[in-house]
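These are the residues of each chain, in order.
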Amino acid sequence: MSHANKPELIINGKRTDGRDFNELRQLKIEAGILKNAAGSAYLEWGNNKVLAAVYGPREVVPKHLTDSTKAIVKCRYSMAPFSSLSEHGRSGPNRRATEISKVIKEVFENVIILNDYPGSEIDIFIEILQGDGGTRTAGITAAAVALASAGIAIRDLVYAVSAAKIGENLVIDPHMLEDNYSDADMPVAVSPKNKEILLLQMDGGYTREELKKAFEMIFTAGEKITEVQKDSIRKLYESVSK
Amino acid sequence: MSSMDLIRSGYIKELLENGKRLEPRGINEFRQIAIKCNVLGNAEGSAQVDLGNTRVLAGVKMVVEEPHSDTPDEGNFIVSAELLPIASAEYETGPPSPSAIELARVVDRGIRAGNCIDLKNLSIDKEHVWSVYVDLYVLNYDGNLFDAGTLAVMSALATSKIPKFENEEIKHTESDEPLRVDNTITSTTFCKIGNKIVLDPNGAEEAAMSTRLTITTDGSCIRAMQKGLSGSLSIEDINNLVEISFSKYDELKKQIQSVLNR
């Protein structure tokens, strides 16, 4: 993508927020913060602030969607009207949110052991309170913790992060400005146990070599993200046992 | 999944174990493609694509609008998709389903990321820009709407003419200037059934698939990708499919160009 008023995104080998190319923004996750939900998580990732909540397993609504062999998963990704720097966002699902909700739902259909909950529904809600690039990947990373804290049977603790291209450089975890003016962007969700890809979207322009390098950067960053996720769940149970 | 789908899925998997498909074609072979352009007189451009038994129709309408405040010198381009109830017993009337929205956005993203339409080129003056609305109508469903859709939208755009705009009035009947298309993108959609991956799934194969991957290229770069459904893919799978996608570029581009030369 070509942009006429493209700002300088890399100055003296550093990014606009001082990060190295392979450096993640600061990531904090707190599990179990909403009392009514079966599981929940609050995540801050750079300037992103995200709430994820899981309800269920519970009765399927509407009833005719019930699958007697396994649970069905529903997902709602939503950006709050006050979440972006630009004007007041319209409430209700738009095309972007509908698509993102769909691909996130498909990630968790893979990870949840659906056959353990026949005839029921599991709801995943992701609310973006403040967005600064990478909200879908932040949402997935938070929702994985919310699911784990709900005690729902999952195969793996999935994480998600994006790799972008700025000029000739590949950078991990782009913030909003980088996202807006990047030459390519690829959000990916990974099952860390077997490094299988559960979500893959991409647009811009990657060569085949850049694609391979982008995946490597994502896997390396994923190790750190997984650690923060695990810590948040550990802390939840430590606080219970006190 | 219905019990009929389940039985057929088992059969499809069995066939694939022996490298065979329901139709006599290879694992990485497209069904027959037929493109017809300018099938509609009132649209600025149109194309109907048959991909096996899948039939889609793309229509382009251009209207003059005020530019958005954040892009004062750019026009607009938007692809929408309708899974019409005439196309399949499974489709219902009502607002666009998540699947229709995903289809529209994936086709849209490929064309946008491929810089096929220069939005600056759609600017008329300070108060006016062209908005290009492309509507993708699915007329008959038999799998792989993504590739059929991309072919139809690319072909419809390539044959579109910009209406005359004079004295605040659009004259749809008076148009001679073609819409400029700067780049050609093509898409390849794969599906994973069991542990086998095949190109251009038909409807029965899509009923059996666990994962779908659409890769859009312009011959030199990967322009867009979209994975769908709950299955997973390894990096080796993805890299392999990217190679196949590039190898199909010339064949698909030729299909679009042959229409233009007619």
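Each value, and the rule that gives it
- Residues numbered from 1 in each chain as written.
- Chains lettered and ligands numbered in written order.
- Predicted model: local features only at pLDDT ≥ 70, side-chain atom pairs only at ≥ 80, totals over all residues.
- Helix = DSSP H or I, 4+ residues; strand = E, 2+ residues; numbered from the N terminus.
- Rg over C-alpha atoms; globule rule 2.2 N^0.38 Å.
- Buried ≥ 20, exposed ≤ 12 C-beta atoms within 10 Å, placed from the backbone.
- Contact = placed C-beta atoms within 7 Å.
- Pairing = 2+ DSSP bridges.
- Axes fitted to C-alpha atoms, helices over the stretch in contact; angles between N-to-C directions.
- Nonpolar A, V, L, I, M, F, W, Y, C, P; charged D, E, K, R; others polar.
- Left-handed = near helix turned anticlockwise from the far one by under 90°.
- Core = buried A, V, L, I, M, F, W, Y, C linked by C-beta atoms within 7 Å.
- Parallel < 35°, antiparallel > 145°, perpendicular 65-115°, else oblique.
- Expected span 1.5 Å × (residues − 1).
- Arc of directions from axis to C-beta.

Caption draft 1: Quick peek at the overall build of chain B. For chain B, the count of helices and strands is 6 helices and 11 strands. In terms of overall size, chain B behaves like a compact globule, its C-alpha atoms giving a radius of gyration of 19 Å where 262 residues would be expected to give roughly 18 Å. Counting only C-alpha atoms and orienting by the principal axes, one finds that chain B spans roughly 65 × 40 × 40 Å. Buried residues in chain B amount to 46% of all 262 residues. Pairs at least 24 residues apart make up 68% of the contacts formed inside chain B by residues separated by at least 6 positions.

Caption draft 2: A look at the overall build of chain A. Looking only at helices and strands, one finds 4 helices and 11 strands in chain A. Seen through its principal axes, chain A has C-alpha atoms that stretch 55 × 40 × 35 Å. Taking all 242 residues of chain A together, the buried fraction comes to 48%. Sequence separation of at least 24 residues holds for 70% of the intrachain contacts in chain A that already meet a minimum separation of 6.

Caption draft 3: Summary view of the sheet that holds strand β9 (residues 169–172) of chain A. On the basis of which strands lie adjacent, the open sheet formed by 8 strands has the order β9(A)-β8(A)-β10(A)-β11(A)-β11(B)-β10(B)-β8(B)-β9(B) and antiparallel pairing. A strand with exactly one partner marks an edge of an open sheet, and here the two such strands are β9 of chain A together with β9 (196–199) of chain B. The average undirected angle you get between the axes of adjacent strands in this sheet is 20°. Looking at chain direction, strand β8 (residues 186–193) of chain B and β9 of chain B are connected through 4 bridges and run antiparallel. In the strand pairing of β9 of chain B, F190 of chain B is matched with L199 of chain B. Against the sheet, helix α2 (residues 135–149) of chain A makes contact with β8 (159–166), β10 (184–191) and β11 (196–206) of chain A, and its axis sits at roughly 160° relative to β8 of chain A, the strand it touches most. The sheet contacts of helix α3 (residues 145–158) of chain B involve β8 and β10 (211–217) of chain B, and relative to β8 of chain B the element is tilted by about 175°.

Caption draft 4: A look at the pairing of strand β5 (residues 48–59) of chain A. All names here are of chain A. Summarising burial for β5: 9 of the 12 residues are buried, a large majority. Bridge analysis of strand β4 (residues 39–45) against β5 gives 7 bridges, and the strand direction is antiparallel. Residue pairing for β5: A41 is matched across the bridge by A52. Taking the residues between adjacent antiparallel strands as the criterion, β4 and β5 are bridged by 2 residues, where G46 takes a positive phi near 60°.

Caption draft 5: Region of the structure containing the sheet that holds β5 of chain A. Residues and elements named next belong to chain A. Spatially, β3-β4-β5-β7-β6 is the arrangement adopted by the 5 strands of the open sheet, whose pairing is mixed. Lying at the two open borders of the sheet, with one neighbouring strand each, are β3 (27–31) and β6 (72–79). Between one strand and the next, the sheet's axes are offset by a mean angle of 15°, whatever the strand orientation. Those strands touched by helix α1 (residues 95–111) are β6 and β7 (120–130), and its axis lies near 140° from that of β6.

Caption draft 6: Local environment of the interface of chain A and chain B. Listed by partner, the interface residues are 27 residues for chain A and 25 residues for chain B. Secondary-structure elements contributing two or more residues to the side of chain A that touches chain B are α1, β11 and α4 (208–241) of chain A. It is β11 of chain A that provides the largest number of residues to the side of chain A that touches chain B, a total of 11 residues. Here the residues of the side of chain A that touches chain B sort into 9 nonpolar, 8 polar and 10 charged.

Caption draft 7: Here's a closer look at the packing of α3 of chain B against helix α6 (residues 249–260) of chain B. Residue and element names in this part refer to chain B. Viewed as axis vectors pointing N to C, α3 and α6 meet at an angle of 35°, and their least axial separation amounts to 10 Å. Note on packing geometry: the crossing formed by α3 with α6 is right-handed. Across the interface between the two elements, L151, M154, S155 and A158 from α3 touch L252, Q255, I256, V259 and L260 from α6. Grouping the amino acids of the contact of α3 with α6 by side-chain chemistry returns 7 nonpolar, 2 polar and no charged.

Caption draft 8: Quick peek at the nonpolar core. Grouped together as the largest cluster of nonpolar side chains are 140 residues, with contacts concentrated most on A142 of chain A together with L136, A152 and V153 of chain B. Ranked by residues supplied to this core, first place goes to α3 of chain B with 10 residues.

Caption draft 9: Focus on the environment of I166 of chain A. Residues and elements named next belong to chain A. Following the sequence through the fold, I166 ends up in strand β8. The class for I166 is partly exposed, based on 19 C-beta atoms found within 10 Å. Along the primary structure I166 and R25 are separated by 141 residues, whereas in three dimensions their C-alpha atoms are 17 Å apart. Not counting residues up to four positions away in its chain, the partners in contact with I166 are L9, I10, V171, E178, S182 and D183.

Caption draft 10: Main features of the packing of helix α2 (residues 98–113) of chain B against α3 of chain B. Residues and elements named next belong to chain B. In the contact formed by α2 and α3, the axes pass within 10 Å of each other and the chain directions differ by 50°. Taken together, the axis directions place α2 and α3 in an arrangement best described as oblique. Pair α2 / α3 crosses with right-handed handedness. Contacts between α2 and α3 involve L103, V106, V107, G110 and I111 from the former and L145, F146, G149, T150 and V153 from the latter.

Caption draft 11: Just helix α5 (residues 235–247) of chain B, in detail. All names here are of chain B. Taking 1.5 Å per residue, 13 residues should reach 18 Å; α5 reaches 19 Å between its end C-alpha atoms and fits that length. Buried residues of α5: I238, L241, V242 and S245, and no others. Viewed end-on, α5 has its buried residues packed into an arc of 110°, placing them on one side of the element. Summarising the geometry of α5, the exposed residues directed more than 90 degrees from the buried face are E236, E243 and S247.

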